[in-house]
Every structure is written in C-alpha cells, then in structure tokens.
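# Topology and contacts: notes
Next come the chains, spelled out residue by residue.
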Amino acid sequence: MSKNQGKLFVITGPSGVGKGTLVRSLLSAHSQLFVSISATTRQPRTGEVDGKDYYFLTTAQFESMIEEENLLEWAQYAGNYYGTPKQAVLEQINQGKTVILEIELLGARQVKENFAQSQLIFILPPSEEELERRLRGRGNDAEEAIKKRLARAKEEIAAQDEFDYKIVNDQLESAIAQLEDIIFGKQEVN
Ligand code: 5GP
C-alpha cells in the first residue's frame, strides 16, 4: 500500500440502530469524507433519491454488475441485493481520501478480507427492545420486512466481536464524538 492511500472505514449495525443518521451527521461536519453510494434492488422509500441515497437497480442490472466484477462487495439482505460500486471507492482511496462504507455484516466481512487496512466499526443499540421500537417507529417497512430485519439484527449483534470498534448509539452526540475519534484520531489529517 502506498503512503498516500486513503483510509477505509466500514460502519455496520442492525437495521434501525441509527447508522444513517450517524453517517449523515458525520458527513455534514466533515465534507472531505467520501461516503460510498450503494446499489440496491430494494424499492426506494418515500423521499429517497436515486443516485443520492442509493442507485436503485433492477435485479438484472445488479446481477450484471456482479458478473462484470464492478462491486467491491455485495450481499443479499431481507430479500434484496445490496452492493458497493467498486470504481468510485478505489478512486477516492487512491487519491488519499478517507472512505466510509455503511453496509451490513456479510459485506463488512468481504471488505475485511480484501482490504487488510480497513477498519470495521459496529454500532449497537442500547438494547434489543429499543432497537425493535426504533425499527417499528420508523413506520416505513411492512411487518414482513420488519421481521426479516429483526432476525438479521440478532445475527449481526451476535457477530459484534469481529469488529475493530464498537459504539453504543444511545446519545447521538456521544456516538458521533466516538466515531470522530476513531476516524480522525487526535488529529484531523484528511
Ligand atoms: P436499508 O434497506 O435499510 O437501506 O439497508 C438495509 C441494510 O443493507 C443495512 O444494514 C445497510 O447497512 C445495508 N447496506 C446498504 N448498502 C449496502 C451495500 O452496499 N452493501 C452491503 N453489503 N450492505 C449494504
């Protein structure tokens, strides 16, 4: 790895834990960070914008990205495909930028395997009850989808020790401060 390669951070945690809010706050305070936009076959939620929140693809489009090896990692989650487009991330890392991926467990494992320098961060809910409350409170998923997400949440929480860092998202401000410490260390360089 050359000296000016950027860092790669992976943020994982069960659906409903508040990863999206954490990553958005981080980006608004540190616009120099590059947050990868994932591809997915899931339907857009109200307010989500193609090319900003996700690249919303058909299954055929997603599968051709897999075949053409255009994804850095990918996984199936609650009945849909999700993956990280490779080119943009590699370009940013090669330019020395710090890159953030907000992805689920299977993808995080793939990144760890392929990028020895990656740092994995797991976001935990204060409790499983609170997680379920947040997931249901969001009100944008059908019961079937919520059940799949809760089942997957348990599997992800069980794998928390595979991660380099853990943060409990109890108070947003404190969780952000912990994330900043991990990403920037004491001194903010890029
Ligand atoms: P949601 O449907 O709630 O936006 O995302 C569902 C799950 O997919 C979340 O855990 C989210 O972190 C994960 N996810 C989003 N983008 C990607 C991706 O590019 N790759 C993988 N492996 N997971 C992703």
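Read on for a plain summary of the structure. Values in this document were obtained by computation on a predicted structure and should not be read as measured data. (Residues numbered from 1 in each chain as written. Predicted model: local features only at pLDDT ≥ 70, side-chain atom pairs only at ≥ 80, totals over all residues. Heavy atoms only, no water.)

Attention now moves to the overall build of the protein chain. Along its length, the protein chain carries seven helices and nine strands. Each of the three principal axes of the protein chain carries a C-alpha extent, and together these read 50 × 40 × 30 Å. Counting only residues that meet the buried cut, the protein chain has 44% of its 190 residues in that class. Put simply, of all contacts in the protein chain between residues at least 6 apart along the chain, 68% involve residues at least 24 apart. Looking at the protein chain as shown, the accessible area adds up to about 10,200 Å², and 47% of this sits on carbon and sulfur atoms. (Helix = DSSP H or I, 4+ residues; strand = E, 2+ residues; numbered from the N terminus. Buried < 20%, exposed > 50% of the residue type's maximum accessible area, 1.4 Å probe, protein only. Contact = heavy atoms within 4.5 Å. Areas by Shrake-Rupley, 256 points an atom, 1.4 Å probe, with all protein chains shown as cover.)

In this section: the site of the ligand. For the ligand, the set of nearby residues contains 16 residues, the closest of which are S38, R42, Y54, Y82 and E104. Within the side chain of E73, a nitrogen or oxygen atom sits 2.8 Å from a nitrogen atom of the ligand. Between the ligand and R149, the relevant distance is 2.8 Å, taken from an oxygen atom to a side-chain nitrogen or oxygen of the residue. Alone, the ligand offers 510 Å² of accessible surface; in the complex the protein occludes 95% of this. Residues of the shell around the ligand, tallied by class, amount to five nonpolar, four polar and seven charged. (Near = heavy atom within 4 Å. Polar contact = N/O pair within 3.5 Å; in protein donor to acceptor, adjacent residues only side chain to side chain. Nonpolar A, V, L, I, M, F, W, Y, C, P; charged D, E, K, R; others polar.)

Attention shifts here to helix α3 (residues 86-94). Listed in full, the buried residues belonging to α3 are V89, Q92 and I93. Buried positions in α3, seen along its axis, are confined to an arc of 100° and lie on one side of it. Exposed and facing more than 90 degrees away from the buried side of α3 are Q87 and N94. Packing partners of the buried residues in α3 comprise β1 (8-12), β2 (34-35), β5 (71-77), β6 (80-85) and β7 (99-102). After α3 finishes, the residue G96 shows a positive phi value of roughly 85°. (Arc of directions from axis to C-beta.)

This part takes up the packing of helix α5 (residues 128-137) against helix α6 (residues 143-158). Remark: α5 packs on α6, axes separated minimally by 11 Å, with the N-to-C direction vectors making an angle of 150°. Considering the angle they form, α5 stands roughly antiparallel to α6. As for the relative orientation of α5 and α6, their crossing is right-handed in sense. Residues E128, L131, E132, L135 and R136 of α5 form the contact with α6, whose own contacting residues are E143, I146, R149, L150, A153, K154 and I157. Its residues assigned to classes, the contact of α5 with α6 comprises six nonpolar, no polar and six charged. (Axes fitted to C-alpha atoms, helices over the stretch in contact; angles between N-to-C directions. Parallel < 35°, antiparallel > 145°, perpendicular 65-115°, else oblique. Left-handed = near helix turned anticlockwise from the far one by under 90°.)

Of all the seven residues making up β5, five are buried; the element is thus mostly covered by neighbouring parts of the structure. Pairing of β5 with β6 involves six bridges; the strand directions are antiparallel. Across the sheet, the residue bridging to Q76 is Y81, located in β6. Between β5 and the antiparallel strand that follows it, β6, lie two residues; A78 among them carries a positive phi value of about 45°. (Pairing = 2+ DSSP bridges.)

For helix α4 (residues 105-114), every residue scored as buried is listed here: L105, G107, A108 and V111. The arc that holds the buried residues of α4, viewed along the axis, is 160°, so those residues lie on one side. Facing away from the buried side of α4, by more than 90 degrees, are the exposed residues E113 and N114. Contacts made by the buried residues of α4 are with β1, β5, β7, β8 (119-124) and α6. One side-chain oxygen of the residue at the start of α4 lies 3.1 Å from the amide nitrogen of L106, identifying that residue as E104.

On to the pattern of salt bridges. Inspection of the entire model under this criterion finds twelve salt bridges. Across the pair E143 and R136 runs a salt bridge, and its minimum N-O distance is 2.8 Å. Residue class for E143 comes out partly exposed when judged on its relative accessible area of 38%. With relative accessibility at 34%, the residue R136 sits in the partly exposed group. (Salt bridge = Lys/Arg side-chain N within 4 Å of Asp/Glu carboxyl O.)

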